[in-house]
Amino acid sequence: MQILVVGVNHQTAPVEVRERLALAKSRLGEALHAARSHGHLAECVMLSTCNRVELYGVVPEADGQVERLKDFFQRYSQLELPLLDQVLYSFQQPNSIRHLFRVASGLDSMVIGESEVLGQVKEAYEIARGQGTTGKVFNVLFQKALNAAKEVRTQTGINRGATSVGSVAVRLAQKIFGPLQRHTILIIGAGAMGELTLRHLVKCGAESILVSNRSYDRAVALAEQWGGQAMTFEQLEQGLAQADIVISSTGAPHAVLSASQVQAAMRARRKRPLFIIDIAVPRDVESSAGSLDNVYLYNIDDLQGIVEGHRAQREEAAAASQAIIDRKVRLFMEWLATNGTPLAAGHARQPAGSRPD
Amino acid sequence: MAVNMLQLHIALSIFSYGAFLIAFVSGILFLVLERQLKHKQLGRLFRWLPPLSLLDRLNYLSITIGFGAFSIGLVLGTILAVQSLGAHWLSDGKVWLSMVTWVAYAVLWSIRVSSSLRGRKVAILSILGFSLVLWTLFGGRYVLPTWHAYL
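Caption draft 1: Local environment of the pattern of salt bridges. A full pass over the atoms with the stated rule returns 18 salt bridges over all chains. Note that Lys40 of chain B is salt-bridged to Asp302 of chain A, the shortest N-O span being 3.2 Å. Taken together, the positions of Lys40 of chain B in the loop between α1 (5-39) and α2 (52-85) and Asp302 of chain A in helix α13 (residues 300-339) put the pair across two chains. Here Lys40 of chain B falls in the partly exposed class, since its relative accessible area comes to 31%. A salt bridge links Arg311 of chain A to Glu308 of chain A; the shortest N-O distance between them is 3.0 Å.

Structure representation (structure tokens):
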């Protein structure tokens, strides 16, 4: 008996290929049954996310299996076999088990430690179980995978630390102001990253938005989009006195806010803290403004540095996770040896002491 | 339940010291977090520290409540001092130091309330203020003669 996995992920196949293989939830049922009959699988689970499309199967033996499953992929995706040969990977146990545990823990994701995949694995398993394509082995294996993922998450720092400039900006804003509901954001300019950061802040509760732009029409358009208030460029200092969080991403070749303007604004706002996110290159805000009392000025390098630091932490945590995963794989293999074979599955009762973990 | 003036004085004084301690701790944590944010060196403590605004608010509330309780306690204490020491009530070291402490916290509180200074400066003053409290509690009797010898 073998546990197999065959599939593609974001590292082996570009999105144009992955999208041909991807399966909508509504089609998973028929795909599972087709895979099971075509591949002569005893049990079958399919996982289809934006990062990967994978087929997990239990087979009596591995011979010729991978070819049959490759054929199955070819049939419904209509991709050519040579291409599939390039992008598909396959694992046999124990590596197939290790792979599943790693995927569920977020170690195989584009953003290491992301937590969406855990829910996706759970859902894929539940759909398969609902379709009747899981059995004794997968019912235990996928449960173990979810447990392993939970242990990795709680014991290592794998899912901690914001991993994008926008989410770092939000965390910083929350560290300075607490809940963002009663705080005003001023967005200057219309850079893409600026808008992305604004979106993150709005998602976390910010409601009051001021928009300023060289072109007033543009400001009005953006203000409408975000349910905010437009300001002319001349009103910038006024906006600075009102807002607590400033996002600046204009395309200007020089600074649009001088340190003395910021200082004047601080006086006007009675030194209430001011968080300035300057993601423009060249920078929009004179850097000496950052040394003023109660002004927190972060430029793109500062934010990127924090993102990098978090990424490095996650990679360290990934290394620590390996030990946990290895242990879990070993335990499952032991369980498999006493319970997973067709012979053992025929017994009415499990021998004492053979429960996994 | 009859609470006598001495008991009330003691209770209010201890309560105010507790409040000043909270002002002290929140002041320190504020300075730590503020420094990390300013210097962009987000250390291990960063994750656990509550937001700057919360520390600021806690500092403000604890100073205000502490100052209120301390003032009432001091008034009661003065009455008690006059009752037991007569004309020389101000010569008692602890009474004298307590007056100084009261003035210090009066200054701190008025600065806080007028909000012309925010954050860092008030945090520093909270720390200094509490040092004065500690001095009042423990150091006073070694320097000046006092009737509060039980402390």
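Caption draft 2: Structural context of the packing of helix α9 (residues 192-203) of chain A against helix α10 (residues 216-226) of chain A. Residue and element names in this part refer to chain A. In the contact formed by α9 and α10, the axes pass within 12 Å of each other and the chain directions differ by 30°. Accordingly, the angle class assigned to the pair α9 and α10 is roughly parallel. For α9 against α10, the interelement crossing comes out right-handed. Residues Glu195, Leu198, Arg199 and Val202 of α9 form the contact with α10, whose participating residues are Arg218, Leu222, Gln225 and Trp226. Among the residues making up the contact of α9 with α10, the classes are represented as four nonpolar, one polar and three charged.

Caption draft 3: How the structure looks around the environment of Ser167 of chain A. Residue and element names in this part refer to chain A. Here Ser167 lies in helix α8 (residues 165-177). Its relative accessible area of 15% is what places Ser167 among the buried residues. Along the sequence, Ser167 and Met110 sit 57 residues apart, while their C-alpha atoms lie 17 Å from each other. Not counting the four nearest positions on each side in its chain, Ser167 is found in contact with Ala162 and His200.

Caption draft 4: Seen up close, the packing of α8 of chain A against α9 of chain A. Residue and element names in this part refer to chain A. One can describe the packing of α8 onto α9 by two numbers: an axis separation of 8 Å at closest approach and a directional angle of 50°. As summarised for this structure, α8 and α9 are arranged oblique, according to the angle between their axes. Between α8 and α9 the crossing geometry is right-handed. Between α8 and α9, the contacting residues are Val165, Gly166, Ser167, Ala169, Val170 and Ala173 on the first element and Met193, Thr197, His200 and Leu201 on the second. Of the residues that constitute the contact of α8 with α9, the class distribution is six nonpolar, four polar and no charged.

Calculation criteria
Residues numbered from 1 in each chain as written. Chains lettered and ligands numbered in written order. Predicted model: local features only at pLDDT ≥ 70, side-chain atom pairs only at ≥ 80, totals over all residues. Heavy atoms only, no water. Salt bridge = Lys/Arg side-chain N within 4 Å of Asp/Glu carboxyl O. Helix = DSSP H or I, 4+ residues; strand = E, 2+ residues; numbered from the N terminus. Buried < 20%, exposed > 50% of the residue type's maximum accessible area, 1.4 Å probe, protein only. Axes fitted to C-alpha atoms, helices over the stretch in contact; angles between N-to-C directions. Parallel < 35°, antiparallel > 145°, perpendicular 65-115°, else oblique. Left-handed = near helix turned anticlockwise from the far one by under 90°. Contact = heavy atoms within 4.5 Å. Nonpolar A, V, L, I, M, F, W, Y, C, P; charged D, E, K, R; others polar.

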